[in-house]
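Here are the chains, one letter per residue:
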Protein chains: 2
Amino acid sequence: MRYHRNDVVARAIAVLDEYGLESLSMRRLATDRGVQPSALNHHVPNKQTRLAAVADEKLARGRRPRRATRWDERVVEVCRELRDAMLAYRDGAEVVVTAHTFGLGAGEPADRLRDALRDGGLPDDLVDVGTRAILHLVFGHTTEEQLALQAASAGAIDRAPGGPADFERGLELVLDGIRARVTS
Amino acid sequence: MRYHRNDVVARAIAVLDEYGLESLSMRRLATDRGVQPSALNHHVPNKQTRLAAVADEKLARGRRPRRATRWDERVVEVCRELRDAMLAYRDGAEVVVTAHTFGLGAGEPADRLRDALRDGGLPDDLVDVGTRAILHLVFGHTTEEQLALQAASAGAIDRAPGGPADFERGLELVLDGIRARVTS
DNA sequence: ACCTGAACACCGTTCAAGT
DNA sequence: ACCTGAACACCGTTCAAGT
């Protein structure tokens, strides 16, 4: 049973990467597997859950060793890993953000950010606020960036650069705000 | 022609507010107006454009007089207005964020933020970075907040408060980061 | 346990034809 | 100019029935 579920998720990622999110329908996935649409519900209960599983698998594949030790370096490390994991697959940002919005999966980056901020000495009542601020920044920036990248590769006008440099600078802005509130 | 377009948008907002985004289909809207689905395309070319028009109308309705004079107070003012406008209608956050993601409409808040940051003395190359950071923060926070509110009113478990106080504190975090880079 | 087949209740968009 | 009617190519989910 576990085997089949992972199988469905793996195929879903492959289909997603090749045809995009709009094509990640149960019917297309079923056709791809040579099976009836209704058969998918035996492995993953519904579309939302399947999308969350896809998001989690993307993040898991993008996992990298942790090198940083200082709290703020750890924040940057988590954010870079998250951004790269989202950019690594077609429509990856949208999938991860959607899953997060519905409170499904993708909770690991948030936990790592929270830990880093706590260890940094940020007052308890600001740890959640800071974590969310950073997460929203990464999500928003990466969604915009990926859309611009995909639009550019499709021949459309790329009106926004917002590459890695802008990402880092936006992050530093928030980090400076947090540093100003660290008690030590 | 203009009249009909506005009429479609106004009805769309009413339907949206009563039945939610998932019900804002061309077919339902057409039924609501006592018309064939294909008739809508004579006033608004497609669904995406209609959604952008709805987003713009929401923001326009939420417009308030500008009182603040200091640049950072103006930023807070714009953000509060934006948040309130999104929260004022069902699924408002999602509609506005989606429209913004596709680069359609909703450009006015970004322009006002940019102006405020420029007037504040933030270096030119950081104005866009700061504007986006703030916008992403507002979008992310408000989307989460509205989802929690709607889930709570639907009887589900509200696992996240994240009300106005958290909103302000997240914003202050970024503003502190920006203040640290203002040359004056 | 896993899957089929069929149905249910929907989508957005196009386009010839009418008034 | 505005709308109908019909079609095209899809959706997610449910559920009795088969193996």
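These remarks concern the structure in this document. All values derive from a computational prediction rather than experimental measurement.

## Some details on the packing of helix 3 (residues 47-61) of chain B against helix 5 (residues 92-101) of chain B
Residue and element names in this part refer to chain B.
Link 1 in the chain: Interaxial distance between helix 3 and helix 5 falls to 9 Å at its minimum, and their mutual angle equals 115 degrees. The interaxial crossing formed by helix 3 with helix 5 has left-handed handedness. The segment helix 3 lies against helix 5, with Leu-51, Ala-52, Val-54, Ala-55, Lys-58 and Leu-59 engaging Gly-92, Val-95, Val-96, Thr-98 and Ala-99.
Link 2 in the chain: A breakdown of the residues in the contact of helix 3 with helix 5 according to their chemical character gives 8 nonpolar, 2 polar and 1 charged.

## Structural notes on the interface of chain B and chain A
Link 1 in the chain: At the interface, 29 residues of chain B touch 29 residues of chain A.
Link 2 in the chain: Together chain B and chain A conceal approximately 2600 Å² of surface at their shared face, both sides included; 62% is due to carbon and sulfur atoms.
Link 3 in the chain: By the criterion of area lost to chain A, the three top residues of chain B are Arg-132, His-136 and Leu-173 of chain B, representing 24% of everything that side buries.
Link 4 in the chain: The interface formed by chain B and chain A contains 8 salt bridges.
Link 5 in the chain: At the junction of chain B with chain A, the criterion picks out 12 residue pairs in polar contact (both at pLDDT 80 or more).
Link 6 in the chain: The set of elements that each furnish at least two residues to the side of chain B that touches chain A consists of helix 5, helix 7 (124-153) and helix 8 (164-179) of chain B.
Link 7 in the chain: Looking at the side of chain B that touches chain A element by element, the count peaks at 13 residues for helix 7 of chain B.

## Remarks on the environment of Thr-142 of chain B
Link 1 in the chain: Checked against the element boundaries, Thr-142 of chain B lands in helix 7.
Link 2 in the chain: Each residue touching Thr-142 of chain B, except ones within four places of it in the same chain, is listed here: Arg-83, Met-86, Leu-87, Ala-93 and Phe-167 of chain B.

## Digging into the protein's contact with DNA strand D
Link 1 in the chain: The environment of DNA strand D is formed by 15 residues, the closest being Ser-25 and Arg-27 of chain A together with Gln-36, Ser-38 and His-42 of chain B.
Link 2 in the chain: Considering DNA strand D, the proportion of its atoms within 4 Å of the protein that are sugar or phosphate atoms stands at 45%.
Link 3 in the chain: Here Ser-25 of chain A contributes a side-chain N or O atom positioned 2.7 Å from a phosphate oxygen of DNA strand D.
Link 4 in the chain: Across the surface near DNA strand D, the residue classes tally to 3 nonpolar, 9 polar and 3 charged.

Definitions and limits used
- Residue numbers run consecutively from 1 along every chain, following the written order of its sequence.
- The order in which chains are written sets their letters, starting at A; the order in which ligands are written sets their numbers, starting at 1.
- Predicted model: local features are reported for residues with pLDDT of at least 70 only, side-chain atom pairs are reported and counted for 80 or more only, and whole-chain, interface and lining totals are derived from all residues.
- Only hydrogens and water are set aside; all other atoms, that is, all heavy atoms of the structure, feed into the side-chain values.
- Interaxial angles span 0 to 180 degrees and are taken between N-to-C directions of axes, which are lines fitted to C-alpha atoms, for helices over the stretch in contact.
- Only DSSP runs of H or I with at least four residues qualify as helices, and only runs of E with at least two residues qualify as strands; both kinds are numbered from the N terminus onward.
- The handedness criterion is simple: a crossing whose near helix is rotated anticlockwise from the far helix by less than a right angle is left-handed, and one whose near helix is rotated clockwise is right-handed.
- Between two residues, a contact is recorded if the distance between any of their heavy atoms is within 4.5 Å.
- In this classification, Asp, Glu, Lys and Arg are treated as charged, Ala, Val, Leu, Ile, Met, Phe, Trp, Tyr, Cys and Pro as nonpolar, and every other residue, Gly included, as polar.
- As used here, buried area is the combined drop in accessible area, with a 1.4 Å probe, of two parts when they are placed together.
- Salt bridge, as used here, is a side-chain nitrogen of Lys or Arg placed within 4 Å of a carboxyl oxygen of Asp or Glu.
- In protein, a polar contact means a hydrogen-donor-capable atom and an acceptor-capable atom, both N or O and within 3.5 Å, with residues adjacent in sequence counting only if both atoms are side-chain atoms; elsewhere, any N or O pair within 3.5 Å suffices.
- For each residue, the test is whether any non-hydrogen atom lies within 4 Å of the molecule or strand; if one does, the residue is near.

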